[in-house]
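Coordinates in review
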Amino acid sequence: MPKQRITKNMIVEAAFKIARQSGMEKVLVKSIADELGCSVQPIYSYCKNMDGLREDVGNKARDFITEYITSHIDRSDLFRSTGKAYIQLAKEEPHILKIFILQERRNISSLKDIYETETNPQTAQAIAKDLDISVETAKQLHLNMLIYTIGLGTIFSVSSPGIPIDEIFLQQEQAHQAFLNDVLRKRD
C-alpha cells in the first residue's frame, strides 16, 4: 500500500481538530503527527514555524464561528438571537471561542476598526430597520452588545465548574434591554 501524502490542508484540519477538542496549547507537531498517523517530518516540511499554523487554525476558527452564528440566529430577532448564539457557542465550543478571542487582530486601532472587520455590514442595516433607528446608531448598539456578549462568553467558557447558562442568558438579556432602552430613549 502506498504511503499517504500529507498535505498542508490535512495538517491544518488535524490541528483544528486538536484545538477544538483540547485547546490551542495542545496543538503540537507530535500531536498533529499522531492525529494524522505519520511521522513529524511532513508537519515540519509544511510548518516552518507554529505561528503560521496557529494563524491558519485561528482563521478556520473564525470561519467556524461565522457558520455557527449564521445557523443559530433567528432572523426575526436578529439582535437578541445573535448574542444568544455567541453564548451557546461558548457552551458548546469553548476552545473555538478562546482561539477566536485570542487571535491577533492586525491593523486595529479603534473599536470602529474591530466592528468593521468582525461583523457583517448587513447586520447593522437589519437592526436599524427592525428598530427604526439610524444605521450609525444600530452599529453602536450592535458593538455594545458584541463587546458585552463576547465578554460574557469568555467568562462562561473559562469558568469551572461553570456558571449556569440560564444565569448568563439572564445577564445578557438585562444588558440587551439596557442598551436597547438607551437607544430608544434617545430616538424618541
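Just above sits the structure.
Residues numbered from 1 in each chain as written. Predicted model: local features only at pLDDT ≥ 70, side-chain atom pairs only at ≥ 80, totals over all residues. Heavy atoms only, no water.

Things to note about the nonpolar core
One broad rule of soluble globular proteins: the nonpolar side chains tend to lie buried together. In plain terms, the rule: Put simply, buried Ala, Val, Leu, Ile, Met, Phe, Trp, Tyr and Cys residues joined by side-chain atoms within 4.5 Å make one nonpolar core. Relative accessibility decides the category of a residue: with a 1.4 Å probe and only protein chains considered, values under 20% of the type maximum give buried, values over 50% give exposed, and everything between is partly exposed. Note on conventions: DSSP H or I runs of at least 4 residues are helices, E runs of at least 2 residues are strands, and numbering of each starts at the N terminus. For this analysis, residues touch if any pair of their heavy atoms sits within 4.5 Å.
Grouped together as the largest cluster of nonpolar side chains are 55 residues, with contacts concentrated most on Val-27, Ile-32 and Leu-53. Taken together, the elements giving at least two residues each to this core come down to α1 (8-22), α2 (29-36), α4 (50-72), α5 (78-92), α6 (94-102), α8 (121-131), α9 (135-158) and α10 (165-187). By residue number, the principal contributor to this core is α4, which donates eight residues. Excluding anything up to four places from it in sequence, Val-27 contacts Ala-15, Ile-18, Ala-19, Ile-32, Met-50 and Leu-53.

A closer look at the pattern of salt bridges
Operational definition: Definition used for salt bridges: Asp or Glu carboxyl oxygen within 4 Å of a side-chain nitrogen of Lys or Arg.
Summed over the entire model, instances satisfying the criterion amount to 15 salt bridges. We note a salt bridge from Glu-35 to Lys-17, for which the minimum N-O separation is 2.9 Å. Residue Glu-35 is found in helix α2, and its partner Lys-17 is found in helix α1; the two are separated by 18 residues along the sequence. In this structure Glu-35 comes out as partly exposed when scored by relative accessible area, which is 33%. Here Asp-51 ties to Arg-54 by a salt bridge, and the two come within 3.5 Å at their closest N and O atoms. In this pair, Asp-51 and Arg-54 both sit in helix α4, three residues apart, roughly one turn of the helix. Several salt bridges converge on common partners, so that one network encompasses Arg-62, Arg-105 and Glu-118.

Overview of the packing of aromatic side chains
As a reminder, the rule being used: When two rings of Phe, Tyr or Trp (its six-membered ring) have centres within 6.5 Å they constitute a pair, described as stacked for plane angles under 30 degrees, edge-to-face for angles over 60, and tilted for the intermediate range.
A complete count under the given rule lists three aromatic pairs for this structure. Judged by centre distance (6.1 Å) and plane angle (50°), the ring pair of Phe-16 and Phe-64 falls under tilted. Linking Phe-16 in helix α1 with Phe-64 in helix α4, this pair joins segments that are 48 residues apart in sequence. The same class applies to Phe-16 as to Phe-64, namely buried. Taking 6.4 Å as the distance between ring centres and 25° as the angle between the ring planes, the aromatic pair formed by Phe-64 and Tyr-68 counts as stacked. Placement of both Phe-64 and Tyr-68 in helix α4 is noted, with a separation of four residues, approximately one turn of the helix. Take Phe-64 and Tyr-68: they sit in the same class, and that class is buried. An aromatic cluster of at least three residues, connected via ring pairs, comprises Phe-16, Phe-64 and Tyr-68.

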